[in-house]
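# Chain and residue survey
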Amino acid sequence: MDLKALNDLSYGMFIVTTKKGNKNVGCFINTAMQITSKNPVIAISLNKENYTNEVLKETRRCALSILTENASQDLISKFGYFTSREINKFENVNYQNISDLPVVVEDTCSYLIGEVIRVIEVETHDIFLIRIEEAKKLSEDTPMTYKYYHEQRKGKAPKKAPTYQEEENTQAGNRYQCTVCGYIYDDSKEKVKFEDLPDDWKCPRCGVGKDKFIKL
Ligand code: FE
């Protein structure tokens, strides 16, 4: 089976958010699609280990922010590679409380708000069916596709994404992996060896320091 064929499916760049008590919770997802047109229902996919999944099963309401092509890497990394269990992802992020949900409006084309009407368990992930109650377009900017992020912005799917694929291990030489986001620094492909990188060097994908890398 050629798993690369799956890369030809299309995905977007989204942030799904919800609120448990006073705690704002959310994560980045690339899988969201419209299912019905009348009384619109959308489907999103969330990894079962994901904190947002756990919370959304309780709160049953969420917002989906559709990111623009210019969305900052900081925003994507913060919501994609960290967990709301440990950090407040909303700090220094432009969001608004709308219908009692923290809606990310930074780098956002449009947002949708709705209620979870069904959860379907699928192996490592859950599909949440969400009936949309509120929707608003915020800008005319182009929504970012996952393909654009991958090809133009050199982004990669984190391990818990439904579209994650193992990187091929075919290169000789030292390779180092970021333990936060999975980014691989391959000495044989870079001008500077990992060990010679300055101390303030940061993971190009998620922004953590060299100390978070392990040698493979
Ligand atoms: Fe990283």
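Because the structure is a prediction, the values reported are computed rather than measured.

## So, the layout of surface pockets
Approximately 520 Å³ is the volume attributed to the second largest pocket. Around the second largest pocket sit 32 residues that line it, and N50, G80, Y81, P158 and K160 are the ones nearest its centre. Counting residues per element, the ones that place at least two in the lining of the second largest pocket are β2 (23-29), β4 (41-47), α1 (51-59), α2 (73-81) and β10 (175-178). Grouping the constituent residues of the lining of the second largest pocket by class yields 14 nonpolar, 13 polar and five charged. Counting the residues that make up the lining of the second largest pocket, at least three belong to each of domain 1 (10-151) and domain 2 (175-215).

## Here we look at α1
Of the residues making up α1, those classed as buried are Y51, T52, N53, V55 and L56. Lining the buried residues of α1 we find β1 (14-20), β2, β4, β5 (61-67), β8 (108-122) and β9 (125-137). Measuring from the side-chain oxygen of the N-cap residue of α1 to the backbone nitrogen of T52 gives 3.2 Å; that N-cap residue is N50. Trailing α1 by a residue or two, R60 shows a phi angle of about 65 degrees, which is positive.

## Some points on the sheet that holds β10
In space, the three strands of this open sheet follow the order β11-β10-β12, with antiparallel pairing throughout. Of all strands in the sheet, those with a lone pairing partner are β11 (184-186) and β12 (213-215), marking the two edges. Each adjacent strand pair in this sheet contributes to an overall mean axis angle of 25 degrees, direction not counted. Relative to β11, β10 runs antiparallel, the two sharing three bridges. Its bridge partner lying in β11, R175 is registered against D186.

## Overview of the coordination of the iron ion
Coordination of the iron ion by the protein involves C178 (SG), C181 (SG), C203 (SG) and C206 (SG), with metal-donor separations of 2.3 to 2.4 Å. Coordination at the iron ion comes from four donor atoms whose angles at the metal span 103 to 116 degrees, giving a geometry best classed as tetrahedral. Along the chain, the residues donating to the iron ion are arranged with the sequence spacing C-x2-C-x21-C-x2-C. Here C206 lies in the loop between β11 and β12 and C178 lies in strand β10, a separation of 28 residues in the sequence.

## Observations regarding unusual backbone geometry
One non-glycine residue, N92, lies in the positive phi region at around 65 degrees. Turning to its location among the elements, N92 is positioned in the loop between α2 and β6 (95-98). When its relative accessible area of 72% is taken as the criterion, N92 is described as exposed. Within the chain, E123 stands out as a residue other than glycine whose phi angle is a positive 50 degrees. In this structure, E123 sits in the loop between β8 and β9. Since its relative accessible area comes to 72%, E123 is described here as exposed.

## Focus on the packing of aromatic side chains
All chains considered together, the criterion is met by nine aromatic pairs. Plain terms: the ring middles of F90 and Y95 are 5.2 Å apart, the flat faces sit at 75 degrees to each other, and that makes the pair edge-to-face. Of the residues examined, Y95 reaches a relative accessible area of 29% and is grouped as partly exposed. Pairing Y146 with Y149 gives two aromatic rings, centres 6.1 Å apart and planes at 50 degrees, and the pair type is tilted. On the criterion of helical spacing, the pair formed by Y146 and Y149 is a turn pair, its members being three residues apart in helix α3 (residues 146-151).

## Comments concerning empty space enclosed by the protein
Summed over the entire model, instances satisfying the criterion amount to one cavity of 30 Å³ or more. Secondary structure elements with two or more residues in the lining of the largest cavity: α2 and α3. Ranked by residues supplied to the lining of the largest cavity, first place goes to α2 with three residues. Grouping the amino acids of the lining of the largest cavity by side-chain chemistry returns seven nonpolar, two polar and one charged.

## So, the pairing of β2
Side chains on a regular strand alternate between the two faces of the sheet. Among the seven residues that make up β2, six are buried, leaving the element largely enclosed by the rest of the structure. With antiparallel pairing between neighbouring strands as the criterion, β1 and β2 make up a hairpin whose turn holds two residues, including G21 at a positive phi of roughly 60 degrees.

The rules behind these values
- Residues numbered from 1 in each chain as written.
- Predicted model: local features only at pLDDT ≥ 70, side-chain atom pairs only at ≥ 80, totals over all residues.
- Heavy atoms only, no water.
- 1 Å grid on protein atoms, 1.4 Å probe; cavity = no way out; pocket = protein on both sides within 12 Å on 5 of 7 lines; lining within 4 Å.
- Points joined across faces, edges and corners; volume = space filled by probe spheres on them.
- Helix = DSSP H or I, 4+ residues; strand = E, 2+ residues; numbered from the N terminus.
- Nonpolar A, V, L, I, M, F, W, Y, C, P; charged D, E, K, R; others polar.
- Domains from an automatic or database assignment.
- Buried < 20%, exposed > 50% of the residue type's maximum accessible area, 1.4 Å probe, protein only.
- Contact = heavy atoms within 4.5 Å.
- Polar contact = N/O pair within 3.5 Å; in protein donor to acceptor, adjacent residues only side chain to side chain.
- Pairing = 2+ DSSP bridges.
- Axes fitted to C-alpha atoms, helices over the stretch in contact; angles between N-to-C directions.
- Donors = N, O, S within 2.8 Å, 3.2 Å for Na, K, Ca; no water.
- Tetrahedral: all angles 85-135°; square planar, octahedral: opposite > 155°, others 65-115°.
- Phe/Tyr/Trp six-rings, centres within 6.5 Å; stacked < 30°, edge-to-face > 60°.

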